[in-house]
Amino acid sequence: PGLPVARISYTRTLHTKMAAMTSTFLGSAVAMKAAVKVTSKKTVAPVASLDGLKKAAVVGVATILMASPAFAATIKLGGDNGELGFYPNKITVAKGETVEFVNNKAFPHNVVFDEDNVPAGVNADAISHEDYLNGPGEKVTNKFDTPGTYGYYCEPHQGAGMQGTIIVQ
């Protein structure tokens, strides 16, 4: 016993014909007739099974995940209790992954990469977000394509020690 099996047969004719659908579900048969105008002959026998539904669910979830951006890490700007810092302040990601910075508390904040603390060939100005994030939940992202160590800080709170490190492998 699986899910219902439906067979629908259509016969080509210029006149209105009756289509019959017979559904079998757990051993009981139900017949239903409805008037339809048919223009071609087709036989359709869809078969649904639990395995088929599982596969469809996996495909659906995969599609949703592919449509939604996935971040290797999310870094909070400001601690949950208002502390000045990046949380976590040190992370490791793989080459090509994206990191999300989310404004949390004690703002305004920004994310500035130190030109003396990024891999050779990386333009610190190009990956920095010098504009202030002024409200909770405001976000910026960076995709890291060059392996190495990236040092960054919050410009208004650098003196208070608000800095972090991203290691790209």
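Heads up: the structure comes first, above all this text.
Keep in mind the model is a prediction, meaning the values are calculated, not measured.

J.: When you look at the overall build of the protein chain in this model, what are you seeing that I'm missing?
T.: Along its length, the protein chain carries two helices and 13 strands. Here the analysis covers contacts within the protein chain between residues at least 6 apart in sequence; of these, 62% occur between residues at least 24 apart. Only carbon and sulfur atoms are counted for the fraction: they give 56% of the accessible area of the protein chain, which is about 10,900 Å².

J.: Can you help me understand the side chain of Asn104 in this one?
T.: You can see Asn104 is positioned in the loop between strand 8 (97-103) and strand 9 (109-113). On the accessibility criterion, Asn104 (16% relative accessible area) is buried. Looking at Asn104, its side chain comes within polar contact range of the side chain of Asp80, at 2.9 Å. With residues up to four places along the chain from it excluded, the contact list for Asn104 reads Lys76, Leu77, Gly78, Gly79, Asp80 and Pro136.

J.: I'm lost on the sheet that holds strand 11 (residues 139-144) in this one. Help?
T.: Where strands meet in a sheet, backbone hydrogen bonds hold them as pairs that are either parallel or antiparallel. One open sheet holds the four strands; their spatial order is 6-5-8-11, and the pairing between them is mixed. Each edge of the open sheet carries a strand with a single partner, namely strand 6 (86-87) and strand 11.

J.: Honestly, the pattern of salt bridges in this entry has me stumped. Any pointers?
T.: Opposite charge on two side chains permits them to pair, given that their charged atoms come into close proximity. Enumeration according to the criterion identifies two salt bridges in this entry. One salt bridge in this structure joins Asp80 and Lys76, with 2.9 Å as the shortest N-O distance. Residue classification places Asp80 among the partly exposed residues on the basis of a relative accessible area of 47%. Overall, Lys76 belongs to the partly exposed group, its relative accessible area being 31%. Here Lys139 and Glu100 are joined by a salt bridge, their closest N and O atoms 3.7 Å apart. You can see Lys139 sitting in strand 11 and its partner Glu100 sitting in strand 8, a full 39 residues away along the chain.

J.: Would you mind going over the sheet that holds strand 13 (residues 163-168) with me for this structure?
T.: Taken together, the five strands give an open sheet; going across it, the order is 7-13-12-9-10, and neighbouring strands pair in mixed fashion. Both outer strands of the open sheet, strand 7 (90-93) and strand 10 (129-133), are each paired with one neighbouring strand and no more. Each neighbouring strand pair of the sheet contributes to a mean axis angle of 20 degrees, computed without reference to strand direction. Two elements, strand 7 and strand 13, share four bridges in a ladder whose sense is parallel. Bridging across to strand 13, Val93 finds its partner in Val168.

J.: Explanation requested: the pairing of strand 13 in the structure shown.
T.: Each regular strand shows side chains that alternate between the opposite faces of the sheet. Burial of the side chains of strand 13 is restricted to one face: Gly164, Ile166 and Val168 are buried, whereas none of Gln163, Thr165 and Ile167 on the reverse face is. Direction of pairing for strand 12 (residues 148-153) relative to strand 13: antiparallel, over a ladder of six bridges. Considered in strand 13, the bridge of Gly148 is made with Val168.

J.: It is not clear to me how the nonpolar core should be interpreted in this structure. Could you clarify?
T.: In terms of nonpolar packing, the biggest core is built from 23 residues, with Phe101, Phe113, Tyr150 and Ile166 touching the most fellow members. For this core, the secondary structure elements donating two or more residues are strand 5 (73-77), strand 7, strand 8, strand 9, helix 2 (124-127), strand 11, strand 12 and strand 13. Those residues in contact with Phe101 that lie beyond four places of it in its chain are Ile75, Leu77, Val111, Phe113, Glu138, Lys139, Val140, Asn142, Tyr152 and Ile166.

Each value, and the rule that gives it
Residues numbered from 1 in each chain as written. Predicted model: local features only at pLDDT ≥ 70, side-chain atom pairs only at ≥ 80, totals over all residues. Heavy atoms only, no water. Helix = DSSP H or I, 4+ residues; strand = E, 2+ residues; numbered from the N terminus. Contact = heavy atoms within 4.5 Å. Areas by Shrake-Rupley, 256 points an atom, 1.4 Å probe, with all protein chains shown as cover. Buried < 20%, exposed > 50% of the residue type's maximum accessible area, 1.4 Å probe, protein only. Polar contact = N/O pair within 3.5 Å; in protein donor to acceptor, adjacent residues only side chain to side chain. Pairing = 2+ DSSP bridges. Salt bridge = Lys/Arg side-chain N within 4 Å of Asp/Glu carboxyl O. Axes fitted to C-alpha atoms, helices over the stretch in contact; angles between N-to-C directions. Core = buried A, V, L, I, M, F, W, Y, C linked by side-chain atoms within 4.5 Å.

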